[in-house]
Amino acid sequence: MEAYTDTIKSWQSDFFDAETRTEIQSLEQTDTEKLKDCFYKNLEFGTGGMRGVMGVGTNRINKYTLGKNTQGLSNYLKKVYAEETVKVVIAYDCRNNSDTLARTVAEVFSANGIQVYLFSELRTTPALSFAVRDLECHAGIVLTASHNPPEYNGYKVYWTDGGQIVPPQDAAIINEINKLSFEEIKFEANESLIELIDKEADESFITASVANGNFNAKGKEDFKLVFTSLHGTSITAIPEVLKRAGYNNVTIIEEQAKPDGNFPTVVSPNPEEPEALSIAIAKAEEIGADMVVGTDPDSDRLGIAVRNLEGNMEILNGNQTMVLMTKFLLDQRKAKGLKGDEYIASTIVSTPMMEKLAEAYNVEYKVALTGFKWIAKMIKDFPHQDFVGGGEESFGFMVGDFVRDKDAVTSTLLACEIAANAKANGSSFYKDLIDCYVDFGFYKEKLISLTKKGISGAEEIKQMMIDFKEKPVASIDGSKVVTVEDYNTATSTNLVTGEVTAIDIPKSNVLIYITEDGTKMAARPSGTEPKIKFYFSINSNLDNKENYSKVNAELDAKMNRILDELKLS
């Protein structure tokens, strides 16, 4: 406890409000372990910005930790753009306290002489990313904890290109933040510099979303969709986008349509979790809908369920939807004539099928670290190339480059276009996916996440990564490991030849094993949650779609053997 005593004591000074001081005093008397967890470290930027549990302390999301971040960012912006009028735009999601925290952030920016555009009500993350460039801002902030549990909130920082901050800005901003004491935060607002925005910004984003996601698919009038916003922000955009694109047979799950940071109808507002879509799927079965779409609280991720070969609703994973969406976009480009400068993108833990897709269409495939900020960085780094689309396994996709983050709004429209068009042609979303397996190889993926909370959990995750590196896996399901990719050292080792090659990607705490039969296993601590994640990819040939069920069962059996072998089942 001694290491945190001075920090805890400093938070009981008159600079901090009475509510904060009272909460600390209460914890000192009733729960010293929780108090320690509140102060034992500072929250840090991860793959999705800064995210954490709300409460008092340096290891919590509160007005002071966010205020300090904002003060540091203000100092950096004024240094970099000393000759300009600095402008920022701020959005927030449905989470408890997001509106008041967004207001605090706006006040700190304004106190530093920065022009602020603050959305008057909750809005989606893709709308914020779009607004940064649309309003010609120098930076953007969205208050969100994405799909985390209700006790979380977070703070994502976007740069002038509309993408989340990446090197060198991230380190420079963090350096400015670390220089500060909490007492240096300027909380006194300059109200003349805070402008509320809504309808005009909404219209610009919705118009752009329809323009990028609508391909005039056939069969819209016969296509039935069930949509749920899971109490989040997408209710402000997706229904209108679908309506303008010609989808009039949309059933909205009303009990989940009202924004609510407590997420009362779900265990977790995460479309990756089957339970989150259970109400929508039940409604789809009741009315005979073709597809279900559900989005997370800030509307950057989407989960999709479609009818399988037996006619039952089946939830697809992020890799499956990413492949089919990318193929559809490539088909649209190919019909107009590919120019040769196109590329698609994904991440190191996503399906290898994306690379096979790129090869088949003779376009470049770029791969990045986990986190959509790295895909957005590609667009900035390769301005003379044409980004078609891309995504990552964690249910995120980006259609073109008009938004520079994963975008569940436009992706929902794109999914409907694919499904409506397939139905009109006597196929389906699911059958089109099986055709992809025939054409490009049957790849199947699985994610296992282990939650390890608190100080001891962080140490356990750290030790697990050390063990995987120092005691490497020799084989997986009887197939010898031939390649080890260590992103901490940015090296790839061929275990057959002993050759070590450099990986041209920024360093990260990720370890990947690849076997002789193409099985892939990646281990990675989460950058935004107290979890360690294991990503698996296996594959087989599918000669024709009539053999789908047989090969699918064989791959399921193989995946189960692997999980049993590694004691992860």
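Helix and strand counts for the protein chain stand at 17 helices and 23 strands. Relative to its length of 569 residues, the protein chain is compact, with a C-alpha radius of gyration of 24 Å against a globular reference of 25 Å. Expressed along its principal axes, the backbone C-alpha trace of the protein chain runs to roughly 70 × 55 × 45 Å. Scored against the burial criterion, the 569 residues of the protein chain give a buried share of 57%. Expressed as a percentage of contacts within the protein chain between residues at least 6 apart in sequence, the contacts between residues at least 24 apart total 69%. For the protein chain, the exposed area adds up to about 23,000 Å²; of that, 46% sits on carbon and sulfur atoms. Taken as two groups, the 61 positive and 85 negative side-chain charges of the protein chain have centres that lie 1 Å from each other.

Moving on, we come to the packing of aromatic side chains. A full pass over the atoms with the stated rule returns 22 aromatic pairs. The interplanar angle of 55° and the centroid separation of 6.0 Å between the aromatic rings of F15 and Y64 together place this pair among those described as tilted. Residue F15 is found in the loop between α1 (2-10) and α2 (18-30), and its partner Y64 is found in helix α4 (residues 63-80); the two are separated by 49 residues along the sequence. Relative to F328, the ring of F215 lies with its centre 5.6 Å away and its plane at 80°, an arrangement referred to as edge-to-face. Within this pair, whereas F215 is found in the loop between α8 (199-213) and β7 (225-228), its partner F328 is found in helix α11 (residues 318-336), the two being separated by 113 residues in sequence. The class of F328 is buried, set by a relative accessible area of 10%. Taken together, the ring pairs connect W11, F15, F16, F39, Y64, F182 and F187 into an aromatic cluster. The residue whose ring lies beneath K63 is F187, and the NZ or CZ to ring-centre distance is 5.0 Å.

The next thing to look at is the environment of M559. Within the element layout of this structure, M559 appears in helix α17 (residues 548-565). Taking relative accessible area as the criterion, M559 reaches 6% and is therefore assigned buried. Spatially, the C-alpha atom of M559 lies 7.4 Å from that of I538, the residues being 21 residues apart in sequence. Once residues within four sequence positions are removed from consideration, M559 is found in contact with K444, E445, K446, F536 and I538.

Right, let's talk about the pairing of β7 for a bit. Of the two faces of β7, both are covered, the one formed by L225 and F227 as well as the one formed by V226 and T228. One crossover worth recording links β7 to the parallel strand β8 (residues 250-252) by way of helix α9 (residues 238-244), and it is right-handed. Bridge count for β7 against strand β9 (residues 291-295) is four bridges, and the pairing is parallel. Looking at the pairing, V226 lines up with V292 of β9.

Look at α2 against helix α3 (residues 32-39): their axes get within 6 Å of each other, and the N-to-C directions meet at 135°. Taken as axis vectors, α2 and α3 run oblique relative to one another. Mapping the contact onto sequence places I24, L27, E28 and T30 in α2 and T32, K34, L35, C38 and F39 in α3. Taken together, the residues of the contact of α2 with α3 break down into five nonpolar, two polar and two charged.

Soluble globular proteins tend to bury their nonpolar side chains together. Membership of the largest hydrophobic core comes to 85 residues, with the highest contact counts inside it found for F205, Y247, M291, F429, Y513, F534 and F536. Look past the residues within four positions of F536 in its chain and what remains in contact with it is K444, E445, K446, I448, K520, M521, M559, I562, L563, L566 and L568. With 37 residues, the next largest nonpolar core counts L66, A106, L143 and W159 among its residues.

Before going further, it helps to spend a moment on the pattern of salt bridges. Tallied over the entire structure, the rule returns 32 salt bridges. Where K366 meets E364, a salt bridge forms, and the shortest distance between an N and an O atom there is 3.0 Å. When its relative accessible area of 36% is taken as the criterion, E364 is described as partly exposed. A salt bridge links R561 to D477; its shortest N-O distance comes to 2.9 Å. Here the residue R561 occupies a position in helix α17, and D477 occupies one in the loop between β17 (475-476) and β18 (479-486), the gap between them amounting to 84 residues.

Taken in spatial order, the four strands line up as β13-β12-β14-β15 in an open sheet, and their pairing is mixed. Two strands close off the open sheet at either side, each with one partner strand: β13 (364-368) and β15 (396-399). Looking at each pair of strands side by side, their axes are set apart by 20° on average, direction ignored. α11 rests against β12 (342-347), β14 (386-392) and β15 of the sheet, and its axis sits at about 165° to β14.

By secondary structure assignment, the location of N112 is in the loop between α5 (98-111) and β3 (115-119). According to the relative accessible area criterion, N112 is buried, its value standing at 3%. Sequence separation between N112 and N190 is 78 residues, and the spatial gap between their C-alpha atoms is 8.4 Å.

Right, let's get into the sheet that holds β7. Taken together, the five strands give an open sheet; going across it, the order is β8-β7-β9-β10-β11, and neighbouring strands pair in mixed fashion. Every interior strand has two partners, whereas the edge strands, β8 and β11 (313-316), have only one. The sheet shows a mean angle of 25° between the axes of neighbouring strands, direction not considered. Bridge count between β9 and strand β10 (residues 302-307): five bridges; the pairing is antiparallel. Counted as the bridge partner of T295 is L302 from β10. With respect to the sheet, helix α14 (residues 408-424) is in contact with β7, β9 and β10, its orientation differing from that of β9 by roughly 170°. Of the strands in this sheet, β9, β10 and β11 are in contact with helix α15 (residues 429-440), which crosses β11 at around 50°.

This part is about the environment of V292. Within the secondary structure, V292 sits in strand β9. Distance in space between the C-alpha atoms of V292 and L225 is 5.9 Å, their sequence separation being 67 residues. Discounting residues that sit within four places of it in the chain, V292 has contacts with L225, V226, A280, I281, A284, G303, I304, A305 and M313.

Rules used in this analysis
- Residues numbered from 1 in each chain as written.
- Predicted model: local features only at pLDDT ≥ 70, side-chain atom pairs only at ≥ 80, totals over all residues.
- Heavy atoms only, no water.
- Helix = DSSP H or I, 4+ residues; strand = E, 2+ residues; numbered from the N terminus.
- Rg over C-alpha atoms; globule rule 2.2 N^0.38 Å.
- Buried < 20%, exposed > 50% of the residue type's maximum accessible area, 1.4 Å probe, protein only.
- Contact = heavy atoms within 4.5 Å.
- Areas by Shrake-Rupley, 256 points an atom, 1.4 Å probe, with all protein chains shown as cover.
- Lys, Arg positive; Asp, Glu negative; His and termini not counted.
- Charge placed at Lys NZ, Arg CZ, Asp CG, Glu CD.
- Phe/Tyr/Trp six-rings, centres within 6.5 Å; stacked < 30°, edge-to-face > 60°.
- Lys NZ or Arg CZ within 6 Å of the ring centre and 35° of its normal.
- Right-handed = clockwise from strand over helix to strand, strands pointing away.
- Pairing = 2+ DSSP bridges.
- Axes fitted to C-alpha atoms, helices over the stretch in contact; angles between N-to-C directions.
- Parallel < 35°, antiparallel > 145°, perpendicular 65-115°, else oblique.
- Nonpolar A, V, L, I, M, F, W, Y, C, P; charged D, E, K, R; others polar.
- Core = buried A, V, L, I, M, F, W, Y, C linked by side-chain atoms within 4.5 Å.
- Salt bridge = Lys/Arg side-chain N within 4 Å of Asp/Glu carboxyl O.

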